[in-house]
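# Remarks on the overall topology
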Amino acid sequence: MPGINRRSFLGRSAGVGAAAVATPFFTAGQAAAAPGRPPRLDALTSAWLPRREVAHWPAVSNFWGAVGTGGNVLAIRNFTLAPYLDDGGDSCVLSIDGVPVPTGAVRWSAYEITRKGATASGVEVRTATRPAFESNTLLLRITVANPTEAAAEVTVDANARIARGAMPATWAWDPPRPGGDHTFTTHQVRGDLLISDSHSSAVTVFAFAPGPALTVGPDGGSARWSVAAGRSVTIDIAMEVGRTSTGSPLADLADAGDTLAAGRAAIRGFEAVFRTAAEKWRSRWREAFTPGNRHYSGFLPVLRTDDADIARLYYMAILSVLVCERTNLSPAFSDVLGRPAEGFEGLDRVYVTGSPEWAATVTYFWDTSYCSVILAMLDPQMMKAKTAYWISKDIYAGYAIDWVSGRTVGPWYSANDLSVFTTTLNYVHHSGDLAFLGTEVPGTGRTVQEHLRSIATHWESLVPQGQSLADYGENHNLLEVLPKYTHQVASFNAGNVWMMEQAAELCRRTGDEAAAEDLTGKADHLRQEVLALYDPGNGGVWNCRDNDGATAAVRTVLDFAIAGRLLAPALSEAQKAEMKHFATTELLVGDWMRALSLSDSQAPVSRTDHGTTGAYDSWPALTAQTFARFGDYPALLAQLRSFAGVTGQGPFSQSHQFLRLAGVSVADRPALNPTGAMTVSAWINPSQWPTEVWQGSILAKDSWGSRDSGYALRGGAGGQISFVVALDGRFTEVRTSDMVPAEGWHHVAGVYDGEQLQIYVDGAARAARPVTGTPTPSSGTHLVTGNCPSDPSRRFTGSLDEARVYARALPAAEIHTLYAATTSSTGADDTSLVLRLPFDEGHGTTTTEAVTDQECAVEGATWAAGREGLGAALAFSEQAASPHAVIASPGGLQCFNNLAGGAFADVIITDLFGCTPDGTTAGLRDAAVPRGITATLSGVVLDGRRHTITSGPEGLSLT
């Protein structure tokens, strides 16, 4: 191969797939799709995301399952293809010369995750993670460029626990990961690695090209290659998951013959399989918009506009639903769809709620309802079968259907009635299948319409004696994390009003006037009771009512987006104005929103989907829709354009959280990972302390998961200082009892000498803890001052200066000398000093790490005066670190892929374009009201014909 240089390698995309060269954002020309065609799939990637902006590492799906990635440039986790799954830990960790390579930047596409990183010596690594289309094969491509003057050794470690066997049990929110005494064994079979599970039939094969040097140990296997100086190499790995031929745990290597053969075939034909994975995904994308396609029973309308934000939002919302399509589930569902129970022929797909960490085989009633318009258009036969199956089950026995077992799973959710009713009605209205309403649901003796009427009036059984509203129980039946959002809530009681109104209209259409009048009367009465929960003079919010009559106002999006939207015709203009002001001033932030106001009495609530740190991905769509139902179409358009910004992160997920980017990040290098004695120190001038001592990271290089690693100096809880070091894989902490006040400069230091942990404040020892052990390095993790590398919410607030790390334990006298120093150069020539951030620039957006002269970005901070004699400092504050919405961390039980984002496409169709059919008539909502956008939506099927909806200066028109 010819010689290379760093610049040419980083600019090169060949060898890592089409996703590496895809345009990440629409231009106006790309937004204007060709007539009848959607934009190219490869235009719908994320941007290149720097590591500091990634709270949730991306996942990629192949219609059978999905696989997540990790912070290492090759790491995979949560490889979930039912009935197979792993334990969620990282596998396939790539190292160069024994040092794990962290991801510097990552990009998502529908069929591939692309990552790039570099070593301190300048070796560049680029990887592509691509599951084979509708297969149990995972493809990993590595390109290593070595511009240095020495050979580089590449190592890939495959953790034995990547294989988690065939699990026939019910898969609920949490996949049924087996515990107990499962053990995993790695075998070398010629040039392949084979991993088997002692308690299931699952086997996993790793095949390589070119062939590596292999070693096998109790924790898995390692593959090694050498890259000569000035050269580059491409390494391919095929990972195949299967089961033994006996259906029992592996007893003889011959029993894994089929899986070994499949893995070897994949590596031999790697280029073709790799290319086909992308081509078939592109084909599936085109089929979703093609009338008469061979896969879906319907198709989706094509949006054409020069408004790039709206176009991207629409298509990314649809793509976010397609990544949840599954074509390998299940015999139980086969019967529902009329396919042979023993095979997977016919209409063999469902749309699961999420993946790959949780909800990987289940469909939640609630989430599905928010994308039910596009599902009714795209796949009406599937929707018909799914809703009929839902209605045949007891929807009060759980919140979802697991498509491995066909069972209802989870506890009852208060949203079930409204969700099942909405999904069924959207199917009927948008498919035109009115005959479905008269179909008898097998095993129930009632028609679909009778079931809908029963669902619409189910609330009556929930009304406590002497009360008038349904009681929806405690928070676990509602938003789970809000202890005051309980019992008689406005949202779902408003849903009952709307459902009875819709059920009444269905009765009128079938000539049952008596039933229609009864339902209308009940709806009118209940509407007034729900309106009484509105809290006038309290800023546009609604009360919850306990069964003893006590009320509590909860400042949540749920009442705004459900009660406000469904009761809009009954609200006064003053109420609408108050509610809009509440949403605008307390919920909407930047390009996203909070689900709960920071002014709520329960705030702060950390869980992202329903709390104060972000929002479930349907809430912004429904918020914009509520503004539209209030007649404020300019606000609808403005909000949709704003929300489009988050699609630069990738697909819509379960939720987005606010990330306040703050800190100075120093790229990992071996010297920053002491394996013996160490000292960490800094000058601090705190302006406020967080509630917990671990929340205010002064200097941190820590990570956690299956094994703790690294170290951190931090503070909080009124001014306690904490020093934590991972010893033999477990964090050990010492903290002060004395408080450092939230004002004035103080010198803090943490020391580990092999026998104890100590903390010094202002040159004096303030805490000590006897402890021994070997520090566990956090290799691959950047060192960060002013924040935490593994949790960017752990920000320090105040000024920081002269941050240092020593690879030895400084004695008390030397620490006192640092405290008493009058110049920043004191101790700067110490040969054990491995990090020094003097922050002397006083201006600009970068600072220089003095030991290596590495330039580091300054984020979420302003320049300030340091302690006298020490020059400038960096000041970190809430104001400096502006909120930035990113896909929420899995640490808060949030999954990377979720149906929820489909709500944006639903809202664009039903409100921006006003598409409101009733099953027989093509209708447009507020057609005379201009939407502020020039656009067409073509291929809308209404009353059996294809239509185009045009938005222009005069409003909407239907042709």
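Residues numbered from 1 in each chain as written. Predicted model: local features only at pLDDT ≥ 70, side-chain atom pairs only at ≥ 80, totals over all residues. Heavy atoms only, no water.

## Some words on the overall build of the protein chain
- When helices and strands are counted, the protein chain shows 19 helices and 53 strands.
- Relative to the compact-globule value of 30 Å for 959 residues, the protein chain shows a C-alpha radius of gyration of 29 Å, a close match.
- If you line up the protein chain on its principal axes, its C-alpha atoms span 90 × 70 × 55 Å.
- Here the protein chain displays about 32200 Å² of accessible surface, and carbon together with sulfur accounts for 50% of that area.
- Once the 73 positive and 97 negative side-chain charges of the protein chain are each reduced to a mean point, those two points are 6 Å apart. (Helix = DSSP H or I, 4+ residues; strand = E, 2+ residues; numbered from the N terminus. Rg over C-alpha atoms; globule rule 2.2 N^0.38 Å. Areas by Shrake-Rupley, 256 points an atom, 1.4 Å probe, with all protein chains shown as cover. Lys, Arg positive; Asp, Glu negative; His and termini not counted. Charge placed at Lys NZ, Arg CZ, Asp CG, Glu CD.)

## Points about the confidence of the model for the protein chain
- When pLDDT is averaged along the protein chain, the result is 90; 92% of the residues meet or exceed 70.
- Confidence drops under pLDDT 50 across residues 1-33; counting only partners more than four residues distant or on other chains, this segment forms 100 contacts.
- Per-residue pLDDT stays below 50 along residues 336-347; that stretch engages in 28 contacts with residues further than four places along the chain or on separate chains. (pLDDT = per-residue confidence, 0-100. Contact = heavy atoms within 4.5 Å.)

## Overview of the sheet that holds strand β38 (residues 730-735)
- Pairing is antiparallel in the open sheet, where eight strands are placed in the order β38-β37-β36-β35-β42-β33-β46-β45. Edge positions in the sheet fall to β38 and β45 (846-849), since each has one partner strand and no second. The mean inter-strand angle of the sheet, taken between neighbouring strand axes irrespective of direction, is 20°.
- Taken together, the two bridges between strand β33 (residues 663-666) and strand β46 (residues 854-859) define a ladder with antiparallel strand orientation. Following the sheet pairing, G663 is matched in β46 by E859. (Pairing = 2+ DSSP bridges. Axes fitted to C-alpha atoms, helices over the stretch in contact; angles between N-to-C directions.)

## As for the sheet that holds strand β11 (residues 152-159)
- Taking strand neighbours across the sheet as the criterion, the five strands line up as β6-β5-β11-β16-β15 in an open arrangement whose pairing is antiparallel. The open sheet is flanked by β6 (99-100) and β15 (213-217), the only strands paired with a single partner.
- As judged from the two bridges shared by strand β5 (residues 93-96) and β6, these two strands associate in the antiparallel manner. Bridged to S95 within β6 is P100.

## Thoughts on the pairing of strand β39 (residues 746-752)
- Counting buried positions over the seven residues of β39 gives seven, a clear majority of the element.
- Neither face of β39 is exposed, since H746, V748, G750 and Y752 on one face and H747, A749 and V751 on the opposite face are all buried.
- Examined bridge by bridge, strand β34 (residues 678-686) and β39 share seven bridges and lie antiparallel to one another. Counted as the bridge partner of V680 is G750 from β39. (Buried < 20%, exposed > 50% of the residue type's maximum accessible area, 1.4 Å probe, protein only.)

## Comments concerning the pattern of salt bridges
- Using the criterion set out here, one finds 34 salt bridges in the structure.
- Of the charged contacts in the structure, one is a salt bridge between E287 and R284, with a shortest N-O distance of 3.5 Å. Here E287 and its partner R284 are both found in helix α4 (residues 270-287), three residues apart, which amounts to about one turn of the helix. No difference in accessibility class separates E287 from R284, as the two residues are buried. (Salt bridge = Lys/Arg side-chain N within 4 Å of Asp/Glu carboxyl O.)

## Describing the packing of helix α12 (residues 490-509) against helix α13 (residues 513-531)
- At their nearest, the axes of α12 and α13 sit 8 Å apart, and the two run at 160° to each other. As judged from the angle between their axes, α12 and α13 are roughly antiparallel. Crossing geometry of α12 relative to α13 is assigned as left-handed. Note on element contacts: α13 touches α12 through E513, A515, A516, E517, L519, T520, K522, A523, L526, R527 and V530, opposite A490, N493, A494, N496, V497, M500, E501, A503, A504, C507 and R508.
- Classifying every residue of the contact of α12 with α13 gives 13 nonpolar, three polar and six charged. (Parallel < 35°, antiparallel > 145°, perpendicular 65-115°, else oblique. Left-handed = near helix turned anticlockwise from the far one by under 90°. Nonpolar A, V, L, I, M, F, W, Y, C, P; charged D, E, K, R; others polar.)

## Quick look at the packing of aromatic side chains
- Counting across every chain of the model gives 33 aromatic pairs.
- Ring geometry for F270 against F274: centres 5.4 Å apart, planes inclined by 20°, an arrangement best described as stacked. In this pair, F270 and F274 are both assigned in helix α4, four residues apart and thus about one turn of the helix distant. Comparing F270 with F274, the two get one shared label, buried.
- Ring geometry for F421 versus W498: centroids 5.8 Å apart, planes at 75°, classification edge-to-face. Placement of F421 in helix α10 (residues 416-431) and of W498 in helix α12 is noted, with a sequence separation of 77 residues between them. (Phe/Tyr/Trp six-rings, centres within 6.5 Å; stacked < 30°, edge-to-face > 60°.)

## A few points about the side chain of D42
- With respect to the secondary-structure elements, D42 resides in the loop between α2 (28-31) and β1 (49-50).
- For D42, a relative accessible area of 10% gives the class buried.
- For D42, the side chain forms a polar contact with the side chain of R282, separated by 3.0 Å. (Polar contact = N/O pair within 3.5 Å; in protein donor to acceptor, adjacent residues only side chain to side chain.)

## Quick look at the pairing of strand β27 (residues 542-545)
- Burial along β27 is two-sided: the face carrying W542 and C544 and the face carrying N543 and R545 are both buried.
- As defined by bridge partners, β27 adjoins strand β28 (residues 551-554) across four bridges and the pair is classed as antiparallel. In the sheet register, C544 faces β28, and the bridge partner there is A552.
- Counting the residues that bridge the hairpin from β27 to β28 gives five residues, and of these G549 lies at a positive phi of roughly 95°.

## What about the state of the cysteines?
- Counted under the stated rule, the structure contains zero disulfides.
- For C788, which is in no disulfide, the shortest distance to another cysteine sulfur is to C856 and amounts to 17 Å. (Disulfide = S-S within 2.5 Å.)

## As for the environment of D918
- Within the secondary structure, D918 sits in the loop between α19 (902-912) and β51 (935-942).
- D918 sits 492 residues away from N426 along the chain, and the two C-alpha atoms are 8.8 Å apart.
- Setting aside chain neighbours within four positions, we find D918 in contact with H429, L434 and R509.
- At 3.1 Å, the side chain of D918 and the backbone nitrogen of T920 are in polar contact.
- Among the polar contacts made by the side chain of D918, one reaches the main-chain amide nitrogen of T921 at a distance of 2.7 Å.

## Looking at the nonpolar core
- Residues L94, F492, W542 and W619 are the most contacted members of the largest nonpolar core, which totals 216 residues.
- Counting residues per element, this core draws most heavily on α12, which supplies eleven residues. (Core = buried A, V, L, I, M, F, W, Y, C linked by side-chain atoms within 4.5 Å.)

## Observations regarding the packing of helix α5 (residues 308-322) against α19
- At a minimum axis distance of 6 Å, the contact between α5 and α19 shows a crossing angle of 130°. In terms of orientation, α5 and α19 fall into the oblique class. For α5 against α19, the interelement crossing comes out left-handed. Between α5 and α19, the residues in contact are I310, L313, Y314, A317, I318 and V321 and G902, F904, A905, I908, I909 and L912, respectively.
- A class-by-class count of the residues in the contact of α5 with α19 yields eleven nonpolar, one polar and no charged.

## Describing unusual backbone geometry
- Residue P356 is reached from S355 by a cis peptide bond, and omega for that bond is -5°.
- Geometrically, the link from A603 to P604 is a cis peptide bond, its omega value of -5° lying close to zero.
- Looking at where P604 falls in the secondary structure, it is placed in the loop between β30 (592-593) and β31 (614-616).
- The phi torsion at C92 lies on the positive side, around 60°, for a residue other than glycine.

## Considerations on α10
- Under the 1.5 Å per step criterion, the end-to-end length of α10 is 22 Å for 16 residues, consistent within 8% with the ideal 22 Å.
- Within α10, 15 of the 16 residues are buried, which leaves the element mostly enclosed by the surrounding structure. (Expected span 1.5 Å × (residues − 1).)

## Quick look at the environment of T921
- On the secondary structure map, T921 appears in the loop between α19 and β51.
- Take T921: its relative accessible area is 45%, and that puts it in the partly exposed class.
- Each C-alpha atom of the pair T921 and H429 lies 9.0 Å from the other, and the pair is 492 residues apart in sequence.
- Within the structure, the side chain of T921 is placed 3.5 Å from the side chain of T920, a separation counted as a polar contact.

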